[in-house]
Amino acid sequence: MGLWANRVLPLLVEKACRSTTILAERKRWVPRAHGNVLELGIGSGLNLAFYDPERVTKITGIDPSVPLLAKARTRIGVVPVELVHGSAERLPFVSAHFDSAVVTYSLCSVKDPSAVLAEVRRVLRPGGELFFVEHGLARDVRTRAWQHRITPAWRRIAGNCHLDRDIAKLLSEAGFRSDDLHAGYTEGAKALSFTYEGTARALR
Ligand SMILES: C[S@@+](CC[C@H](N)C(=O)[O-])C[C@H]1O[C@@H](n2cnc3c(N)ncnc32)[C@H](O)[C@@H]1O
């Protein structure tokens, strides 16, 4: 990995992911996680401060970035945390192992979001919940066109971040249902700020 991916990008990702809006989203969703929790693409561990120690017994975070995992290690609090170096497309866990899962701003960057969601489904126990906050494909035609146009260049400089993934569709195709899905613009550039948030449960 070069200087960009190893040093510069982790700093930029960290800064972008600490905006007031994103911190409010973390505060809204992360405390809902419970039991034995899996966090996909845990990155620098910005969610760790928001887990409720009364509800969570253990957090397992997976991410392929060594520098981001090193930063996450510094953010471990009272809840036991295991950090795993790896990719969420192939989760090294037995089936039905977790009570709940969290994913924030990572489905945009993984190689294969469908494979990741299939894996999440496998490792969640029946009735387990996935709490998600993700940016993705907007609903209006103009912004969508921009997102498709910009993504090939954007993902090359932004750690494989895609602006045009339809998170609701990916969840539904992976066999998840969300009754509280909220999708809409937050702050900032429209191409980057169309956000999906909610709770997904696997249909059996
Ligand atoms: C924009 S960052 C978000 C980090 C963190 N989830 C947060 O909310 O601050 C995207 C993260 O996805 C991770 N990532 C990329 N490909 C991945 C994969 N195949 N499996 C798991 N995580 C991945 C990156 O290393 C990075 O930590």
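Just above sits the structure.
What comes next is a walk through the structure. Small disclaimer: the values here were computed from a predicted structure and weren't measured.

Turning our eyes to something else, we now look at the nonpolar core. One finds V37, L40, A101 and L130 to be the most contacted residues of the largest nonpolar core, which totals 41 residues. Mapped onto this core, the elements with two or more residues apiece are strand 1 (35-40), strand 2 (56-63), helix 3 (66-73), strand 4 (98-104), helix 4 (113-123), strand 5 (124-135), helix 6 (167-173) and strand 8 (194-202). Among the elements that take part in this core, strand 5 stands out by supplying 5 residues, more than any other. Those residues in contact with V37 that lie beyond four places of it in its chain are V56, K58, I59, F98, D99, S100, A101 and V102.

By the element assignment, A118 lies in helix 4. In the structure, A118 is positioned 65 residues away from A183 in sequence and 22 Å away in space, judged by C-alpha atoms.

The subject of this paragraph is the site of the ligand. Taken together, 21 residues form the shell around the ligand, and within it G41, G43, S65, A88 and T104 come nearest. In terms of residue class, the shell around the ligand is built from 11 nonpolar, 7 polar and 3 charged.

The next point concerns unusual backbone geometry. At Y105, a position not held by glycine, the phi torsion is positive, near 55 degrees. Residue placement: Y105 occurs in the loop between strand 4 and helix 4. Taking the C-beta count within 10 Å as the criterion, Y105 has 22 such neighbours and is therefore assigned buried.

Conventions used here
- Residues numbered from 1 in each chain as written.
- Predicted model: local features only at pLDDT ≥ 70, side-chain atom pairs only at ≥ 80, totals over all residues.
- Core = buried A, V, L, I, M, F, W, Y, C linked by C-beta atoms within 7 Å.
- Buried ≥ 20, exposed ≤ 12 C-beta atoms within 10 Å, placed from the backbone.
- Helix = DSSP H or I, 4+ residues; strand = E, 2+ residues; numbered from the N terminus.
- Contact = placed C-beta atoms within 7 Å.
- Near = placed C-beta within 6 Å.
- Nonpolar A, V, L, I, M, F, W, Y, C, P; charged D, E, K, R; others polar.

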